[in-house]
Amino acid sequence: MQNLKWLAQYNDNTTLKQIDDDGTKNAYSDIDRSKLLAFMLFDESAVLDGLTKPRFAVYFDDNDGERLVWTRRAFQTVGQNHSVIFHIVGKKTTEQKQGFIMAIAPDGQTLVRDNFVDDGLFDEVIQ
Amino acid sequence: MPATVIINRWTGTSGAPTKTNVTSINSRLNAEDAHSTAGTANSILIPAAGTNYSFWAAFRLAISAITGGTVNNIKWFTDGANSLGTGVAANVATATSYVQATGTVGTTGNILNTTNYATLAGATASAFTYTSGSPLAVSGSSSATGDLGDFVVLQTAISTTAAQGATPQETVTFRYDDTSS
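The structure displayed is predicted, hence computed values, not measured ones.

With that out of the way, let us pick up the overall build of chain A. Counting its regular elements, chain A contains 0 helices and 8 strands. The order of helices and strands in chain A, counted from the N terminus, is β-β-β-β-β-β-β-β. Over its C-alpha atoms chain A spans a radius of gyration of 15 Å, differing by no more than 12% from the 14 Å that the globule rule assigns to 127 residues. When the backbone C-alpha atoms are referred to their principal axes, chain A occupies close to 45 × 40 × 25 Å. Looking at the 127 residues of chain A, the share that counts as buried comes to 48%. Partitioning the contacts of chain A with sequence separation of at least 6, the portion at a separation of at least 24 is 43%. Carbon and sulfur atoms make up 44% of the accessible area of chain A, which totals about 6,200 Å². Put simply, chain A has 14 plus and 20 minus side-chain charges, and the middle of one group is 2 Å from the middle of the other.

Have a look at this one:
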């Protein structure tokens, strides 16, 4: 689960993949939130040329893609030769709309909160 | 792909520091300005009165590979429990630049404070006050390879009641966010 890759599905039936089929990498900041319909995370082993097997998907049915939140949150301890990576994904809460934040653990365990909480895992994402 | 981020310990002169990658090895705080995993030649002497210190140890993240994203929101924390033993404390603060550790080799380091380390953010606090739920904030953000963020500067303090020998090992953790492609 540490190698989940994102795909942005737009409301004009186009997509932006984190890594194109030819290997070209697109930046998360390149996502056009004005037409974002869904933000999906795919397992590295899943086929990325379809929308059939996302591990996780966040939909923006109200054309509110600007509320998207995503980052990898890495924990790296001195003396350990690897980092533990959570994916933090969800929708920001606004005055009008309740959001949610998911933390996806390396083993696939998924924790969900209504909003950011300063607990070490669900801390606010800076984007 | 996630960015490749490593943890370096800086030693030596500020003009030509040595950066030792301690991502996969432990790093001992002795009474010398040097990294080692198990060195005992210049251990800290237990004082007859007052407090002796390790030479301070400056840690900093570095990005060795990144594409199309940013690493930011850096935090640092311990497990919250001092397991170093009776009479042994650990103090920490962030700093915006590197200052070589000073002191009397084999006896004690100079105390870590803003007098001896001018770019220290402020007075040190016990490292164990910083936990995963209440971490130390470390300024810094980068979208390129190279050194990343402020330094985390750590020092142990040895009082008269400390026991001889190496202390138990403690673990410290960096946390950061990464949106790279």
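Before going further, it helps to examine the overall build of chain B. Within chain B, the regular secondary structure consists of 0 helices and 12 strands. From first element to last, N terminus to C terminus, chain B shows the α and β order β-β-β-β-β-β-β-β-β-β-β-β. For chain B, whose C-alpha radius of gyration is 16 Å, the value lies close to the compact-globule estimate of 16 Å for 181 residues. Projected onto its principal axes, the C-alpha coordinates of chain B cover approximately 55 × 35 × 30 Å. When burial is assessed residue by residue, chain B has 50% of its 181 residues classed as buried. Total accessible area on chain B is roughly 7,100 Å²; 50% of this is exposed by carbon and sulfur atoms.

Per-residue confidence for chain A gives a mean pLDDT of 90; residues scoring 70 or more make up 91%. Within chain A, the lowest mean pLDDT, 92, falls on strand β4 (residues 54-59) of chain A, and the highest, 97, falls on strand β7 (residues 100-104) of chain A.

What follows concerns the sheet that holds strand β3 (residues 36-42) of chain A. Residues and elements named next belong to chain A. Taken together, the 4 strands give an open sheet; going across it, the order is β2-β1-β3-β4, and neighbouring strands pair in antiparallel fashion. This sheet does not close on itself; its edge strands, each paired only once, are β2 (15-17) and β4. Strand-to-strand twist of the sheet, defined as the mean angle between neighbouring strand axes without regard to direction, takes the value 20°. Both β3 and β4 contribute to a ladder of 5 bridges, which runs antiparallel. Residue pairing for β4: L41 is matched across the bridge by F56.

What follows is about unusual backbone geometry. Phi at A:N13 takes a positive value of approximately 70°, unusual for a residue other than glycine. When you line up the elements, A:N13 lands in the loop between β1 (5-10) and β2. Of note in the backbone geometry, B:N73 takes a positive phi value of approximately 55° without being a glycine. Mapped onto the elements of the fold, B:N73 is located in strand β5 (residues 71-78).

Let us now look at the pattern of salt bridges. Using the criterion set out here, one finds 12 salt bridges over all chains in the structure. Here A:K97 ties to A:D64 by a salt bridge, and the two come within 3.5 Å at their closest N and O atoms. Of this pair, A:K97 sits in the loop between β6 (83-91) and β7 while A:D64 sits in the loop between β4 and β5 (68-77), placing them 33 residues apart in sequence. Under the relative-accessibility criterion, A:K97 is labelled partly exposed at 29%. Salt-bridge contacts for A:D123 lead to B:R175; the nearest nitrogen and oxygen are separated by 2.8 Å. You can see A:D123 sitting in the segment after β8 (110-113) and its partner B:R175 sitting in strand β12 (residues 172-178), one on each of two chains.

Each value, and the rule that gives it
Residue positions are given per chain, counting from 1 as you read along its sequence in written order. Working convention: letters from A go to chains and numbers from 1 go to ligands, in the order in which they are written. Thresholds applied to this predicted model are a pLDDT of at least 70 for local features of residues and 80 or more for the giving and counting of side-chain atom pairs; totals over whole chains, interfaces and linings are not thresholded and use all residues. By convention in this description, side-chain values take in all heavy atoms of the structure and omit both hydrogens and water. Helix numbers and strand numbers start at the N terminus; a helix is a DSSP run of H or I with at least 4 residues, a strand a run of E with at least 2. Two things to know: the radius of gyration comes from C-alpha atoms, and the globule rule equals 2.2 Å times the number of residues to the power 0.38. Working definition: with a 1.4 Å probe on protein chains only, accessible area under 20% of the residue-type maximum means buried, over 50% means exposed, and in between means partly exposed. Every residue pair with non-hydrogen atoms within 4.5 Å of one another is taken to be in contact. Where accessible areas are quoted, they stem from the Shrake-Rupley method and a 1.4 Å probe; at the residue level, only the protein chains shown are allowed to cover. For this count, His and the chain ends are skipped, Lys and Arg are scored as positive, and Asp and Glu as negative. The location of each charge is read from NZ of Lys, CZ of Arg, CG of Asp or CD of Glu. Per-residue confidence from the predictor is reported as pLDDT, which spans 0 to 100. Pairing between strands requires that DSSP locate at least two bridges from one strand to the other. Axis definition: a line fitted to C-alpha atoms, limited for helices to the stretch in contact. Angles are taken between N-to-C directions and run from 0 to 180 degrees. Salt bridges are defined by distance alone: a side-chain nitrogen of Lys or Arg within 4 Å of a carboxyl oxygen of Asp or Glu.

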